[in-house]
Amino acid sequence: MEKDLGSYRKNYKKHALLKKNIPENPMELFQKWFYAADEDHCVEEANIVNLATVGSDNFPKSRIVLLKRFTWEGFIFYTNYNSEKGKSIAKNPNVCLTFFWHSIERQIIIKGIAEKIAENLSDGYFESRPDGSKLGAWASHQSEVIDSRTSLDKKLTYYENKFKEMEIPRPDYWGGYIVKPISIEFWQGRPNRMHDRLRYTLQENYDWKLERLEP
Ligand SMILES: Cc1cc2nc3c(=O)[nH]c(=O)nc-3n(C[C@H](O)[C@H](O)[C@H](O)COP(=O)(O)O)c2cc1C
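Nothing here was measured: the structure is a model prediction, and the numbers come from that model.

This part takes up the site of the ligand. The local shell around the ligand holds 13 residues, among which Lys 61, Ile 64, Thr 79, Lys 85 and Ser 143 are the closest. In the model, an oxygen atom of the ligand is placed 2.8 Å from a nitrogen or oxygen of the Arg 63 side chain. Residue Ser 143 places a side-chain N or O atom 2.6 Å away from an oxygen atom belonging to the ligand. In isolation the ligand offers 620 Å² of accessible surface; the protein chains occlude 66% of this area. With five residues, the single largest contributor to the shell around the ligand is strand β2 (residues 60–70). The class makeup of the residues in the shell around the ligand is five nonpolar, four polar and four charged.

With that settled, the discussion passes to the pairing of strand β4 (residues 94–101). Only one face of β4 is buried: it carries Val 95, Leu 97, Phe 99 and Trp 101, and the other face, with Asn 94, Cys 96, Thr 98 and Phe 100, is open. Both strand β1 (residues 48–54) and β4 contribute to a ladder of three bridges, which runs antiparallel. Bridge pairing links Leu 51 to Leu 97 in β4. Where β4 and strand β5 (residues 106–116) come together, eight bridges link them in antiparallel fashion. Residue pairing across strands places Phe 100 opposite Gln 107, the latter belonging to β5.

Attention now goes to the packing of aromatic side chains. Scanning the entire structure with this criterion turns up 21 aromatic pairs. Seen from their ring centres, Phe 30 and Phe 34 are 6.0 Å apart, and the 25 degrees between their planes marks the pair as stacked. In this pair, Phe 30 and Phe 34 both sit in helix α1 (residues 26–39), four residues apart, roughly one turn of the helix. Summarising the burial analysis for this pair, Phe 30 and Phe 34 share the class buried. Between Phe 126 and Trp 174, the ring centres sit 5.2 Å apart and the planes meet at 65 degrees, which makes this aromatic pair edge-to-face.

On the surface, a cluster of nonpolar side chains totalling about 230 Å² of accessible area is made up of Ile 48, Ile 64 and Leu 66. Tracing the backbone through its elements, the reader meets Ile 48 in strand β1.

What follows concerns the side chain of Lys 134. Checked against the element boundaries, Lys 134 lands in helix α4 (residues 131–139). A polar side-chain atom of Lys 134 sits 3.3 Å from the main-chain carbonyl oxygen of Glu 127. Sequence-distant contacts of Lys 134, that is, excluding residues within four places in its chain, are made with Phe 126, Glu 127, Arg 129, Glu 167 and Ile 168.

Residues Lys 134, Leu 135, Ala 137, Trp 138 and Ala 139 constitute the buried set of α4. Against the buried residues of α4 lie α3 (119–128), α5 (149–162) and β6 (174–188).

All right, on to the nonpolar core then. By size, the foremost hydrophobic cluster in this structure holds 33 residues, and its most contacted members are Phe 30, Phe 75, Phe 99, Trp 101, Ile 108, Ile 110 and Phe 186. Secondary-structure elements contributing two or more residues to this core are α1, β1, β2, β3 (75–80), β4, β5, β6 and β7 (196–202). When residues in this core are grouped by element, the largest group, six residues, is from α1. Residues within four places of Ile 110 in sequence aside, it is in contact with Phe 30, Phe 75, Val 95, Cys 96, Leu 97, Phe 99, Pro 181, Ser 183 and Ile 184. Formed by 14 residues, the second largest nonpolar core is a distinct cluster that contains Tyr 78, Phe 163, Ile 168 and Tyr 173.

Rules of the game
Residue indices follow the written sequence of each chain, beginning from 1 at its first position. Reporting of local features is limited, given that this is a predicted model, to residues whose pLDDT is at least 70; pairs of side-chain atoms are given and counted only at 80 or more, and all residues count toward the totals for whole chains, interfaces and linings. Note that water and hydrogens are dropped before the side-chain values are worked out from all heavy atoms of the structure. Near, as used in this document, describes a residue that has one of its heavy atoms within 4 Å of the molecule or strand being considered. Any pair of nitrogen or oxygen atoms within 3.5 Å is treated as a polar contact; in protein, a donor-acceptor pairing is required on top of that, and neighbouring residues in sequence qualify only through side-chain atoms on both sides. Computed with a 1.4 Å probe, the accessible areas rest on the Shrake-Rupley method; for each residue, only the protein chains presented here act as cover. Comment: elements are numbered from the N terminus, with helices defined as DSSP H or I runs of at least four residues and strands as E runs of at least two. Three classes are used, and their members are as follows: Ala, Val, Leu, Ile, Met, Phe, Trp, Tyr, Cys and Pro are nonpolar, Asp, Glu, Lys and Arg are charged, and the others, Gly among them, are polar. Per-residue accessibility, obtained with a 1.4 Å probe over protein chains only, is compared with the maximum for each type, and a residue is labelled buried under 20%, exposed over 50%, and partly exposed between these values. Strand pairing is defined by DSSP finding a minimum of two bridges between the two strands. Between the rings of Phe, Tyr and Trp (Trp by its six-membered ring), a pair exists once the centres lie within 6.5 Å; its type follows the angle of the planes, with under 30 degrees stacked, over 60 edge-to-face, and the other angles tilted. Like charges are joined within 9 Å and nonpolar side chains (Val, Leu, Ile, Met, Phe, Trp, Tyr) within 5 Å, but only among residues with over 30% relative accessible area and no salt bridge; these make up the patches. Each reported salt bridge corresponds to a side-chain nitrogen of Lys or Arg within 4 Å of a carboxyl oxygen of Asp or Glu. Residue contacts follow a heavy-atom distance rule, with two residues in contact if any of their heavy atoms lie within 4.5 Å. Definition used in this section: a nonpolar core is a set of buried Ala, Val, Leu, Ile, Met, Phe, Trp, Tyr and Cys residues joined via side-chain atoms within 4.5 Å.

In short, the description is geometric, and any link to function would need to be established separately.
Encoded structure:
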């Protein structure tokens, strides 16, 4: 099988990213870009983000998760702490988040350190989820091998009965991580591959150093 994709080519020309127009703190720029993506009718879920971790086999692995909150401190997503990503983060908390919003021709790459958030915050978010998602968190031992779909459905039925007519508690293996950024790179597509790339890097005194990178 073979398909040549050499002629697939798009020229990016919607916006520019210039140092004179941007804030000192990258979280402010993140917020501005996030809102722009969220308001763009072509972006279905602006909070979709690619999360890369480094496994104990020393290979990177990335997968999509949903960003559920951002603050001055960092970026929060929820998952199963015993999943492959959870185990990787326990050994090596250095992670990378990548957003790409095609319709506005923007990418953001965040390197950071992942930490579990406080249990009461995970409780609060878990409580806000629909019952079906809460039961799913109980039924799925995320990233474990399972023999069939039927086995998974049986586990779900088991928890549906177990928690019938009662508040569904948060499993202790499920909760949030916050990724505290050490660098945030903003990429704006420009014509002829002469893209704008501005990278903020956190300094020891907690100021952000701003540098332009070649495209
Ligand atoms: C659109 C989309 C949203 C997802 N959101 C999450 C999420 O918020 N948390 C999560 O644990 N997995 C989420 N997943 C599933 C992950 O991509 C992945 O399959 C799962 O977390 C297991 O990854 P791991 O085995 O590398 O730990 C999402 C997948 C997609 C396609």
